[in-house]
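# Observations on the model geometry
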Amino acid sequence: MRLEGLATGLSGLDDLTGCGGLPRGRLTWLSGELGQGWFDLGLAVLALLSRSLPVALVDFEGRVDPGDVCDYGGDLSNCWLVRPRHPEEGWAAARALCEAGVEICLMMSATWAPVGRAAPATLMGALETGRGVAVLSGGVTLPAEVTPRVALEVECRRLAWTRAHRDVSGLWLRLEVARSRMGAVGRGCRLRIALPRPYALQTGVVEAELWSAPSEELRLAASG
Amino acid sequence: MSGAPRLACINFPHLALSLAWRAHPELRGEAVLIGPRHRSGREVVLAASEAALARGARPGGEWRQAEIACPEAVQLPEDQTAISELRQEMRLVLQDLSPLVEWVDDTLAYLDVRGRDLRLPTEAALASQLGRSVQRLLLVPPRLGVGQSRFTAWVAAQTAGPGRIRLVPSGGAAQFLADWSVERLPLPDSTRERLRDFGLTTCGDCSSIPLPDLQRQFGPDGLLLHRLCLGRDRATVSPWRTPPPCGMRRVLAGPVEDTEALRFGAPELAGGLAVELAHRRLAAGRLRLLLGGGDPGGEFWEQLYPPAPVATEQELLPLVLNLISRVRRPVQVIELQALDLVPPPARQHRLWSVGGDHRDEIDRAVARLHERFGEGLVWRVAPRSGHPGDVPEERLVWNRG
């Protein structure tokens with residue numbers, strides 16, 4: 001069965017998935033350890049889509065500043081923020097919002113707490129009904145009940161920080177498909193995220209420099 | 001921001017001549033005399049075309065003598081009102097490219113081109129744009145020179161042909177001026193005569209002589225001569241000021257070197273400008289930051305072009321911070337100007353939104369979630385206006401569901 005993709009507008013990421021975007025009606029996982037870029041990539045993608053679509057952000061650990069969505073150029077009036085007190089609440093809210101018509105639900109957590117079997121199952125049902133996309137962002141392992149339901153796993157790896165004005169202004173990321181039901185496992189791309197900074201005119205994923213990581217930055221990353 | 005002074009000298013035919021050529025294009029290339037102008041009981045020539053100059057007419061010279069020297073010249077009266085209007089128009093064109101413009105007379109102007117325009121990143125690009133703008137207005141090609149001092153820039157403009165630009169790199173002035181005749185230096189006649197007597201004919205001859213020797217021979221003129229020959233004469237302009245169409249100006253208690261301190265004042269500048277723009281119902285297509293160090297000639301500037309016209313504080317603030325981040329020297333006067341004013345763009349965020357139909361349904365789902373799990377699960381947040389802090393609770397307005 002060929003899956004339909006929800007185009008993020010980032011050609012690097014959209015080409016990677018094999019369906020022209022994040023697979024609709026399916027679960028996508030941006031995996032990686034803390035500090036590997038999944039956090040900012042997730043927010044940047046959410047911000048990009050919030051300009052034209054209703055989006056939801058489930059912040060399991062309460063570490064997201066929703067102002068960052070705004071700083072990445074997103075439209076907060078299109079964004080519903082969920083701050084669950086228990087993991088079950090977060091999964092239930094994601095299911096309800098996806099069912100109601102939210103196009104992309106970003107669920108963020110560095111470590112995933114175990115959930116019951118029902119939570120991911122009902123979320124999958126809601127996704128299939130609403131044709132939305134759920135993106136789990138963060139972590140290197142998922143609860144056993146969730147893992148088999150992931151259609152696409154994109155592994156995030158930070159290559160290097162970019163610096164400006166004696167400050168960290170962004171980061172280079174390497175994305176690689178670690179698991180996919182659409183094929184194309186092992187495909188990768190490299191992109192740069194410009195962090196929201198007062199001096200930065202452009203924030204979010206900067207695609208113009210997709211394949212032009214400065215060699216010294218990569219050397220830094222290799223040595224660091 | 002570059003610290004080395006860079007001046008552009010633009011030399012163009014007298015405005016009266018440009019007006020005459022506009023009205024009578026057939027007179028281009030012909031001998032034309034504009035005047036006479038009455039000065040101290042004398043009738044003098046206001047302007048003369050190249051052909052008339054070649055025949056001996058001189059601007060400021062006796063009108064009668066010019067008539068004799070150039071009997072076939074077309075004589076046109078001066079139109080003071082039209083000249084004044086064109087002068088104003090020309091000043092605005094120059095000021096559009098650099099906020100620091102010195103209008104010397106109706107044939108010559110200096111601009112400080114040290115500042116940076118992101119669309120015209122190089123000096124050559126800025127100078128080309130300057131030349132094009134002036135040519136578009138006057139319909140005659142100007143001469144342009146860029147150098148590290150007024151004299152260097154002026155010589156560069158004189159040696160460039162009409163419609164040409166000559167750029168003298170910083171540090172290359174002495175070499176560039178080496179062949180320039182001392183006869184054309186702005187020095188008293190007596191000094192020039194003595195230079196001739198010494199057999200010093202070019203700037204290169206003089207620049208090799210130590211300064212104490214020049215001062216011993218020529219007194220204060222020796223110092224001036226030394227500076228002129230090495231391109232170290234005055235490197236500042238006395239800018240012609242006009243109130244910007246829309247701007248904010250702040251004078252600080254003393255020179256501030258710390259960028260952080262300037263950044264602290266940025267929200268006030270951005271907020272003030274946003275209020276002014278809102279009052280006029282306009283948005284800025286270009287922002288210019290003019291900074292003064294407190295001493296004359298210590299001014300410098302930066303300008304940038306936002307991707308779309310900006311009008312609100314939220315839009316202005318990052319741009320202002322961006323401009324301020326480039327400051328590299330003490331600042332006492334800070335002026336933020338909004339240029340290229342246009343009606344603000346309409347903001348219809350959800351015009352193309354495909355999710356608009358689901359909004360009510362999502363709100364109902366949120367209400368059900370609150371009923372089930374209690375208030376505080378789902379939040380709607382919006383940016384808070386004013387000058388909120390960095391903490392999310394302060395910078396955002398939080399609404400339940």
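Residues numbered from 1 in each chain as written. Chains lettered and ligands numbered in written order. Predicted model: local features only at pLDDT ≥ 70, side-chain atom pairs only at ≥ 80, totals over all residues. Heavy atoms only, no water.

### Side note on the overall build of chain A
Looking only at helices and strands, chain A has six helices and eleven strands in total. The buried share of chain A, taken over its 224 residues, is 58%. Of all intrachain contacts in chain A linking residues separated by at least 6 positions in sequence, the fraction that spans at least 24 positions is 68%. Accessible area for chain A stands at about 8,500 Å²; split by element, carbon and sulfur atoms hold 49% of it. (Helix = DSSP H or I, 4+ residues; strand = E, 2+ residues; numbered from the N terminus. Buried < 20%, exposed > 50% of the residue type's maximum accessible area, 1.4 Å probe, protein only. Contact = heavy atoms within 4.5 Å. Areas by Shrake-Rupley, 256 points an atom, 1.4 Å probe, with all protein chains shown as cover.)

### Remarks on the interface of chain B and chain A
Contacts between chain B and chain A engage 36 residues on the former and 35 residues on the latter. Interface area, chain B with chain A, both sides summed: about 2,900 Å², of which 58% is carbon and sulfur. Linking chain B with chain A are two salt bridges, by the criterion used here. With its nearest N and O atoms 2.8 Å apart, the salt bridge here joins Arg395 of chain B to Asp71 of chain A. Between the two partners, chain B and chain A, sit ten residue pairs in polar contact (both at pLDDT 80 or more). (Buried area = accessible area lost by both parts, 1.4 Å probe. Salt bridge = Lys/Arg side-chain N within 4 Å of Asp/Glu carboxyl O. Polar contact = N/O pair within 3.5 Å; in protein donor to acceptor, adjacent residues only side chain to side chain.)

### Let's talk about the sheet that holds strand 6 (residues 74–76) of chain B
Residue and element names in this part refer to chain B. Here we have three strands laid out as an open sheet, ordered 5-2-6, and mixed in their pairing. Whereas interior strands pair on both sides, the edge strands pair on one side only; in this sheet they are strand 5 (47–48) and strand 6. With two bridges connecting them, strand 2 (residues 32–34) and strand 5 associate as antiparallel partners. Opposite Leu33, over in strand 5, you have Ala48 as the bridge partner. Packed onto the sheet, helix 1 (residues 15–23) meets strand 2, strand 5 and strand 6 and runs at close to 120 degrees relative to strand 2. (Pairing = 2+ DSSP bridges. Axes fitted to C-alpha atoms, helices over the stretch in contact; angles between N-to-C directions.)

### Some details on the sheet that holds strand 7 (residues 101–105) of chain B
Residues and elements named next belong to chain B. Ordered by their spatial adjacency, five strands build an open sheet running 7-8-1-10-11, and the pairing between neighbours is mixed. Edge positions in the open sheet fall to strand 7 and strand 11 (165–167), since each of these has one partner strand only. Averaged over all pairs of adjacent strands, the angle between their axes in this sheet comes to 15 degrees, without regard to strand direction. Where strand 10 (residues 143–147) meets strand 11, three bridges bridge the pair, whose relative direction is parallel. Across the sheet, the residue bridging to Val146 is Leu167, located in strand 11. Lying on the sheet, helix 6 (residues 150–159) is in contact with strand 1 (7–11), strand 7, strand 8 (108–112), strand 10 and strand 11; it crosses strand 10 at an angle near 145 degrees.

### Side note on the confidence of the model for chain A
Reading predicted coordinates in detail is not appropriate for stretches of low pLDDT. Residue and element names in this part refer to chain A. Here chain A shows a mean pLDDT of 83. Residues at 70 or above account for 88%. Taking the mean pLDDT of every element in chain A, the minimum, 37, falls on helix 6 (residues 215–223) and the maximum, 95, on strand 4 (residues 55–59). This stretch, residues 208–224, has a pLDDT under 50; its non-local contacts, to residues over four places away or in other chains, come to 25 contacts. (pLDDT = per-residue confidence, 0-100.)

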